[in-house]
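Notes for the structure review
For reference, the chains in residue letters:
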Amino acid sequence: MARKTQKINFETSISALEELVEKMESGEFTLEESLKQFEHGISLARTCQQALRDAEQKVLQLTKGEDGDENLSPFTPIDDD
(Lines give C-alpha, C1' and ligand atoms only; values in the text may rest on other atoms or scores of the structure.)
Protein backbone atom coordinates (compact mmCIF):
# COMPACT_ATOMS: atom_id res chain seq x y z
CA MET A 1 0.00 0.00 0.00
CA ALA A 2 2.94 2.35 0.62
CA ARG A 3 3.86 2.32 -3.06
CA LYS A 4 0.45 3.66 -4.07
CA THR A 5 0.62 6.41 -1.45
CA GLN A 6 4.09 7.40 -2.64
CA LYS A 7 2.90 7.62 -6.26
CA ILE A 8 -0.07 9.74 -5.27
CA ASN A 9 2.19 12.01 -3.22
CA PHE A 10 4.56 12.44 -6.17
CA GLU A 11 1.81 13.07 -8.70
CA THR A 12 -0.05 15.40 -6.35
CA SER A 13 3.13 17.25 -5.42
CA ILE A 14 4.30 17.76 -9.00
CA SER A 15 0.85 18.95 -10.03
CA ALA A 16 0.66 21.37 -7.10
CA LEU A 17 4.17 22.61 -7.88
CA GLU A 18 3.28 23.26 -11.53
CA GLU A 19 0.14 25.16 -10.49
CA LEU A 20 2.12 27.18 -7.96
CA VAL A 21 4.73 28.14 -10.56
CA GLU A 22 2.00 29.33 -12.94
CA LYS A 23 0.42 31.48 -10.25
CA MET A 24 3.76 32.94 -9.18
CA GLU A 25 4.67 33.74 -12.78
CA SER A 26 1.35 35.53 -13.27
CA GLY A 27 2.09 37.86 -10.36
CA GLU A 28 -1.04 36.97 -8.38
CA PHE A 29 0.69 37.14 -5.00
CA THR A 30 1.94 39.94 -2.80
CA LEU A 31 5.61 39.83 -1.81
CA GLU A 32 4.80 38.22 1.54
CA GLU A 33 2.50 35.66 -0.07
CA SER A 34 5.10 34.99 -2.77
CA LEU A 35 7.69 34.17 -0.12
CA LYS A 36 5.24 31.89 1.67
CA GLN A 37 4.34 30.14 -1.60
CA PHE A 38 8.02 29.88 -2.55
CA GLU A 39 8.70 28.09 0.73
CA HIS A 40 5.80 25.74 0.02
CA GLY A 41 7.17 25.15 -3.49
CA ILE A 42 10.59 24.21 -2.10
CA SER A 43 8.89 21.68 0.16
CA LEU A 44 6.97 20.22 -2.80
CA ALA A 45 10.15 20.04 -4.89
CA ARG A 46 11.96 18.18 -2.10
CA THR A 47 9.08 15.73 -1.82
CA CYS A 48 9.31 15.07 -5.57
CA GLN A 49 13.10 14.70 -5.47
CA GLN A 50 12.88 12.20 -2.62
CA ALA A 51 10.23 10.18 -4.44
CA LEU A 52 12.45 10.07 -7.54
CA ARG A 53 15.49 9.01 -5.48
CA ASP A 54 13.42 6.28 -3.84
CA ALA A 55 12.21 5.07 -7.23
CA GLU A 56 15.77 5.05 -8.59
CA GLN A 57 16.95 2.97 -5.63
CA LYS A 58 14.09 0.54 -6.18
CA VAL A 59 15.01 0.18 -9.87
CA LEU A 60 18.65 -0.43 -8.99
CA GLN A 61 17.64 -2.98 -6.39
CA LEU A 62 15.40 -4.79 -8.86
CA THR A 63 18.06 -4.88 -11.57
CA LYS A 64 20.81 -6.36 -9.39
CA GLY A 65 21.70 -9.88 -10.34
CA GLU A 66 22.15 -12.79 -7.98
CA ASP A 67 25.87 -12.03 -7.81
CA GLY A 68 25.12 -8.52 -6.52
CA ASP A 69 26.29 -6.79 -9.69
CA GLU A 70 23.98 -4.40 -11.44
CA ASN A 71 22.66 -5.80 -14.69
CA LEU A 72 21.65 -2.57 -16.33
CA SER A 73 20.98 -2.31 -20.02
CA PRO A 74 20.04 0.68 -22.15
CA PHE A 75 16.37 1.43 -22.53
CA THR A 76 15.09 0.83 -26.04
CA PRO A 77 11.60 2.19 -26.67
CA ILE A 78 9.22 0.09 -28.73
CA ASP A 79 8.09 1.77 -31.96
CA ASP A 80 4.33 1.70 -32.39
CA ASP A 81 4.63 2.29 -36.15
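Look up a bit, the structure's there.
1. Describing a nonpolar patch on the surface
A grouping of Met24, Phe38 and Ile42 is seen on the molecular surface, where their side chains present a nonpolar patch of about 240 Å² in accessible area. Locating Ile42 in the fold gives a position in helix α2 (residues 31-63). Looking at Ile42, the relative accessible area reads 31%, which means it is partly exposed.

2. What about the environment of Gly41?
Within the secondary structure layout, Gly41 lies in helix α2. Sequence-wise, Gly41 and Ala16 are 25 residues apart; in three dimensions their C-alpha atoms are separated by 8.4 Å. For Gly41, the contacting residues outside a window of four places in its chain are Leu17 and Leu20.

Definitions and limits used
- Going along each chain's sequence as written, the residues are numbered from 1 onward.
- Confidence filtering applies because this is a predicted model: local features only for residues at pLDDT of at least 70, side-chain atom pairs given and counted only at 80 or more, and all residues used for totals across whole chains, interfaces and linings.
- Where side-chain values are given, they derive from all heavy atoms of the structure, hydrogens and water being excluded.
- Within this analysis, patches are made of residues with over 30% relative accessible area and no salt bridge. Like charges are joined at 9 Å or less; nonpolar side chains (Val, Leu, Ile, Met, Phe, Trp, Tyr) at 5 Å or less.
- In this description, accessible areas are obtained by the Shrake-Rupley approach with a 1.4 Å probe, and a residue is regarded as covered only by the protein chains that are shown.
- The salt bridge definition used is simple: a Lys or Arg side-chain nitrogen within 4 Å of an Asp or Glu carboxyl oxygen.
- Numbering of helices and strands runs from the N terminus, with a helix taken as a DSSP run of H or I at least four residues long and a strand as a DSSP run of E at least two residues long.
- Any residue under 20% of the maximum accessible area for its type is buried, any over 50% is exposed, and the rest in between are partly exposed; the area is computed with a 1.4 Å probe on protein chains only.
- Residue contacts are defined here by distance: any two heavy atoms, one from each residue, within 4.5 Å place the two residues in contact.

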